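Structure assessment
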Amino acid sequence: MKQKLKVIVVDDEPLARRGMLVRLADFPELDIVAECGNGDEAVQKIRDLAPDAVFLDVEMPGLDGFAVIKQLQQMQVTLPYVIFVTAYDHYALSAFEVQALDYVLKPVEKDRLSVAVNKLLKNFDARDDQRHKDQLAAVVAQLTGEQRDQILQRLDKAQPVMSDKYPEAISIKDSGEITRVPVTAIDWVDAAGDYMCIHTKDGQTHILRRTMKELEQELDPKLFVRVHRSAIVNVNTIAKLQMLANGEHQLMLTNGQAVKVSRSYKDRVKMVFNS
């Protein structure tokens, strides 16, 4: 079962407030966490409780509904979804200027309130889905080094987040010859200007004219990890992660090679040891 949305009801008229509470009780997706009788109390409760939505009366003594929104913005409080509730329809334009989700007239009719609540649920689900996509894209980007925008595009198209179709070998052209280097034979890769130096288990070094980013996208992130802007390492060759006296880190490979780990890739390397 999905977690209920936290809702606050704000109205200076006790009878109107009670009526809204009764009507909202018909929606099991909502959890009324507070009710407020004035704008100052609304600001305090919204700041303290961080509700998902607020049903906010427009005309109130002291801080009216619009002033509540303005004060929350000045305090840099994350705004909940706002559904304005008022007896006067001439506030509608102002309500949407402050990006209110909906605008409901008093006396509140059951069907009209249902439309507003359904709009709230639909928007919240969309935002929640986008938040999960953003989190997933961030993790995949950290693992693969791929741009988050590209990952999000695949998610929006319902395409696989990470492709399992990686080449089993890399073809390297050199002096009129093409050498096929099995991916599993690669220990590590480092950049030398516009060229990649591919170091293999048999002690050979093959020179490939390709960018580090292009090569990284061809290598399975389950098998290779970017440890520096100019180095990629086969995770199966990693022997240990060392912290140096100057606070920097380096990897020691099983072949005795030391590879520097840059700060921006340190967390990605640590994930190898935690997997």
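In this report, we go over the structure that sits alongside the text.

What counts as what
Residues numbered from 1 in each chain as written. Predicted model: local features only at pLDDT ≥ 70, side-chain atom pairs only at ≥ 80, totals over all residues. Heavy atoms only, no water. Pairing = 2+ DSSP bridges. Helix = DSSP H or I, 4+ residues; strand = E, 2+ residues; numbered from the N terminus. Phe/Tyr/Trp six-rings, centres within 6.5 Å; stacked < 30°, edge-to-face > 60°. Buried < 20%, exposed > 50% of the residue type's maximum accessible area, 1.4 Å probe, protein only. Salt bridge = Lys/Arg side-chain N within 4 Å of Asp/Glu carboxyl O. Axes fitted to C-alpha atoms, helices over the stretch in contact; angles between N-to-C directions. Contact = heavy atoms within 4.5 Å. Parallel < 35°, antiparallel > 145°, perpendicular 65-115°, else oblique. Left-handed = near helix turned anticlockwise from the far one by under 90°. Nonpolar A, V, L, I, M, F, W, Y, C, P; charged D, E, K, R; others polar. Arc of directions from axis to C-beta. Polar contact = N/O pair within 3.5 Å; in protein donor to acceptor, adjacent residues only side chain to side chain.

**Digging into the pairing of strand β8 (residues 186-192)**
When β8 meets strand β9 (residues 195-200), the two strands line up antiparallel, connected through 6 bridges. Paired with Asp190 across the bridge in β9 is Cys197. Joining the antiparallel neighbours β8 and β9 is a turn of 2 residues, in which Gly193 adopts a positive phi near 70°. As judged from the 3 bridges shared by β8 and strand β12 (residues 231-234), these two strands associate in the antiparallel manner. Its bridge partner lying in β12, Val189 is registered against Ile232.

**Overview of the packing of aromatic side chains**
For the structure shown, the criterion picks out 1 aromatic pair. Between Phe66 and Phe84, the aromatic rings sit 4.9 Å apart at their centres with planes inclined by 45°, giving tilted as the arrangement. A residue pair is termed long-range when its members are at least 10 positions apart, and Phe66 in helix α3 (residues 65-74) and Phe84 in strand β4 (residues 81-86) qualify at 18 residues. Comparing Phe66 with Phe84 shows no difference in burial state: the two are buried.

**A closer look at the pattern of salt bridges**
Scanning the entire structure with this criterion turns up 10 salt bridges. A salt bridge links Glu216 to Arg226; its shortest N-O distance comes to 2.7 Å. Of the two residues, Glu216 is situated in helix α7 (residues 212-218) and Arg226 in strand β11 (residues 224-228); the sequence distance between them amounts to 10 residues. Each of the two residues, Glu216 as well as Arg226, counts as buried.

**Things to note about the sheet that holds β4**
Within a beta sheet, neighbouring strands are joined by backbone hydrogen bonds and run either parallel or antiparallel to one another. The strand order across the open sheet built from 5 strands is β2-β1-β3-β4-β5, with neighbouring strands paired in parallel fashion. The outermost strands of the open sheet, each flanked by one partner alone, are β2 (30-36) and β5 (102-105). Strand-to-strand twist in this sheet, taken as the mean axis angle between neighbours without regard to direction, amounts to 20°. The pairing of strand β3 (residues 53-57) with β4 spans 5 bridges and is classified as parallel. Bridging from a neighbouring strand, Phe55 pairs with Ile83 of β4. Contacts from helix α1 (residues 14-24) reach β1 (5-10), β2, β3 and β4 within the one sheet, and its direction differs from that of β2 by about 175°. Taken strand by strand, helix α2 (residues 39-49) contacts β1, β2 and β3, and its axis lies near 140° from that of β2.

**Overview of the packing of α2 against α3**
Pairs of packed helices are described in terms of their axes, by the angle between the two and the distance that separates them. Interhelical geometry of α2 versus α3 gives an angle of 40° and a closest axis separation of 9 Å. Taken together, the axes of α2 and α3 are oblique relative to one another. The chirality of how α2 crosses α3 is right-handed. Along its contact with α2, which presents Gly39, Ala42, Val43 and Ile46, the element α3 presents Val68, Gln71 and Leu72. Considered class by class, the residues forming the contact of α2 with α3 number 5 nonpolar, 2 polar and no charged.

**Considering α3**
Gly65, Phe66, Val68, Ile69 and Leu72 are the residues of α3 that are buried. All buried residues of α3 fall inside an arc of 160° around its axis, so they share one side. Pointing more than 90 degrees away from the buried face of α3 are the exposed residues Lys70 and Gln74. A side-chain oxygen of the first residue of α3 lies 3.1 Å from the backbone nitrogen of Phe66; this N-cap is Asp64. Just beyond α3, the residue with positive phi is Gln76, at close to 60°.

Geometric values such as these leave the question of function open.
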